[in-house]
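What follows is the residue order along each chain.
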Amino acid sequence: MKRVTALLVLLAGAMGAVRAQDKGRLTLEQCYQLGEANYPQTRQRALIQKTRDYTIANIAKGIYPQLAVNGSATYQSDVTKITIPPIAGSSIAIPTVSKDQYKLYGEVSQTLTDFGINKERRAISQTDAELQEANLSTDLYALKDRINQLYFGALLIDGQLEQNELAAQDIRTGIAKVQAAVKNGTDFNSSLNKLRAELLKTEQHSIELSASRAAYTDMLSLFINTSVDSSTVLVRPEEPGVTDSIRRPELSAYDLQLRSYAEQLRLTKLNLFPQVNAFFQGGVGRPSPVNFLSTSLSSYYLTGLRLTWTIGGSYTYKKDRLISQNNQEVVRTQRSTFLFNTSLTMRQENADIRKYRLLVRSDEEIVQLRESVGKTSAVQLENGVISANDYLLDVNATAQARQDRVVHSMQLLLSQYNYKTTSGN
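Because the structure is predicted, anything quoted here is derived from the model rather than measured.

Engineer: Any chance you could explain the overall build of the protein chain here in plain terms?
Structural biologist: Counting its regular elements, the protein chain contains eight helices and six strands. Reading the helices (α) and strands (β) of the protein chain from amino to carboxyl end gives α-β-α-α-β-β-α-α-β-α-β-β-α-α. Computed over C-alpha atoms, the radius of gyration of the protein chain comes to 42 Å, more than 25% over the 22 Å expected from 2.2 N^0.38 for 425 residues, which places it beyond the range of a compact globule. Viewed in the frame of its principal axes, the protein chain has a C-alpha envelope of about 160 × 65 × 50 Å. Out of the 425 residues belonging to the protein chain, those deemed buried represent 33%. Long-range contacts, defined as pairs at least 24 residues apart, comprise 84% of the intrachain contacts of the protein chain with a sequence gap of at least 6. As presented, the protein chain carries roughly 26100 Å² of accessible surface, and 56% of it is formed by carbon and sulfur atoms.

Engineer: Help me out: how do you make sense of the packing of helix α4 (residues 117-184) against helix α6 (residues 249-270) in this one?
Structural biologist: Each pair of packed helices gets described by two things: the angle between the helix axes and the distance between those axes. Packing of α4 against α6 brings their axes to within 9 Å, and their N-to-C directions diverge by 160°. Taken together, the axes of α4 and α6 lie roughly antiparallel to each other. The handedness of the crossing between α4 and α6 is left-handed. Residue composition of the contact of α4 with α6, by class: 11 nonpolar, eight polar and eight charged.

Engineer: What is the right way to read the nonpolar core from this model?
Structural biologist: As a rule of thumb, nonpolar side chains are buried together in soluble globular proteins. With 24 residues, the main nonpolar core has F152 and L220 as its most contacted residues. Only α2 (28-38), α4, α5 (189-224) and α8 (388-423) provide two or more residues apiece to this core. Element by element, the count of residues in this core is highest for α4, at 10 residues. If we skip the residues at most four places from it in the chain, L220 touches L26, C31, I147, L150 and Y151. Counting 14 residues, the second-largest nonpolar core is a separate cluster that includes L192, A378, A388 and Y391.

Engineer: Even after reading the chapter, I still don't get the side chain of E107, so can you show me in this structure?
Structural biologist: Summarising the element assignment, E107 is placed in strand β3 (residues 100-111). At a separation of 2.8 Å, a polar atom in the side chain of E107 contacts the side chain of Q281. Filtering out sequence-adjacent residues up to four positions away, E107 remains in contact with Q66, L67, A68, F279, F280, Q281 and R306.

Engineer: Help me out: how do you make sense of the environment of L381 in this one?
Structural biologist: Mapped onto the fold, L381 is located in helix α7 (residues 312-382). Judged by its relative accessible area of 3%, L381 falls in the buried class. Expressed as a C-alpha distance, the spacing of L381 and G174, which sit 207 residues apart in the sequence, is 7.4 Å. Setting aside chain neighbours within four positions, we find L381 in contact with G174, V178, I386, S387, A388 and Y391.

Engineer: Teacher, can you tell me more about the environment of L297 here?
Structural biologist: The topology assignment puts L297 in the loop between β5 (275-286) and β6 (298-308). On a C-alpha basis, the gap between L297 and P287 in space is 6.5 Å, while along the polypeptide they are 10 residues apart. Ignoring any residue separated from it by four or fewer positions in sequence, one finds L297 in contact with V284, G285 and R286.

Engineer: I keep staring at the sheet that holds strand β2 (residues 66-75) and nothing clicks. Help me out?
Structural biologist: For sheets, the rule is that strands pair by backbone hydrogen bonds, running either parallel or antiparallel. Strand order in this open sheet of four strands is β2-β3-β5-β6, and the pairing throughout is antiparallel. Bordering the open sheet on either side are β2 and β6, each of which pairs with just one other strand. On average, adjacent strands in this sheet sit at an angle of 20° to one another, irrespective of strand direction. Where β5 lies against β6, 11 bridges are found, and the strand directions are antiparallel. Its bridge partner lying in β6, F280 is registered against T303.

Engineer: What is the right way to read the pairing of β2 from this model?
Structural biologist: Looking along a regular strand, one sees the side chains alternate between the two faces of the sheet. Buried residues are scarce in β2, accounting for zero of its 10 residues. Bridging between β2 and β3 involves 10 bridges; their strand directions are antiparallel. Bridging from a neighbouring strand, N70 pairs with Y105 of β3.

Cut-off values and rules
Residues numbered from 1 in each chain as written. Predicted model: local features only at pLDDT ≥ 70, side-chain atom pairs only at ≥ 80, totals over all residues. Heavy atoms only, no water. Helix = DSSP H or I, 4+ residues; strand = E, 2+ residues; numbered from the N terminus. Rg over C-alpha atoms; globule rule 2.2 N^0.38 Å. Buried < 20%, exposed > 50% of the residue type's maximum accessible area, 1.4 Å probe, protein only. Contact = heavy atoms within 4.5 Å. Areas by Shrake-Rupley, 256 points an atom, 1.4 Å probe, with all protein chains shown as cover. Axes fitted to C-alpha atoms, helices over the stretch in contact; angles between N-to-C directions. Parallel < 35°, antiparallel > 145°, perpendicular 65-115°, else oblique. Left-handed = near helix turned anticlockwise from the far one by under 90°. Nonpolar A, V, L, I, M, F, W, Y, C, P; charged D, E, K, R; others polar. Core = buried A, V, L, I, M, F, W, Y, C linked by side-chain atoms within 4.5 Å. Polar contact = N/O pair within 3.5 Å; in protein donor to acceptor, adjacent residues only side chain to side chain. Pairing = 2+ DSSP bridges.

Okay, here's the thing in structure tokens:
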């Protein structure tokens, strides 16, 4: 039992160490997720979903029975009068309706011919919400490009700092060798001072690079709402796969816009059909709406079917259809233009990828050659064959070759991720 407890304690400690290590590490994918979650515009997504749900719920209630309450009080200049000549022995008297008339009633109606109008309205609301979300995704997608620039900019400086430290180590090696030579009387203090000055210059460059990295990480911290400082390790991402397909969120927005226009046109067509409602009306009036000869306030009711057919829409339906077709054609043109421009950008970025890949390959050979020369120079400096100036020339050439390799390597990686972002894969 004690062994099991000890094992659990060790596992818990190991997991804690992993978490502590992960806490100081940051990946590009995490930056994407944190950047989108922290961006203020992201909050619109929940609002869009709520608005969609409320709208669809309201539309669904359109098939429920509708209740209306109406009333009126009027005074008219004349009323219908019936005059019958007196007949002997008859007591017929036809009352005269009052000029002031009142009416208050409620009516319940239920549509019998929906023709899918309610369903189409719900579909339109759903499409509109999806279109808003697609447009929001398009805006948020632009964050990836800005995060790429900041993340890879900081990564580039990390590489430059590392290579700068290698150059400093080479100079320190030279200083150690020249110090021994000065002690033995085979070299001068001026040579030692040249190396020390160059070391200070290299250390100054590290200070400048660290300041530049802090500027990049400060901006990155604002985007992802997470502290990123000099102790945070930015993980170098793997090279992504390159594909020619385009899967940008803009394409979804274009498709949804086309669908929205088609649904709006279908709804316009459905509204051309006649509507039949069943209704029940009950209330009070003077005179009674069902007995115009009643002069007192009396209750009444009536029920039946009501036909409503608004034919005004048929006059404009043909033009409405042409407008919808034109709008869809505009969207298709915009979609084609977007694909064309995106393809051009991808082609340029693909050319950059090929260029930087060749440069990195060449940089590897140059660095190997320069490092080989640098090792020889260190031996020659120790034996007094070359001066400190000659040694510094070789050290600086090696350092420059390493810096070029770091820059081209990071430019290659940035171009690959720019290509990935441009294509949407």
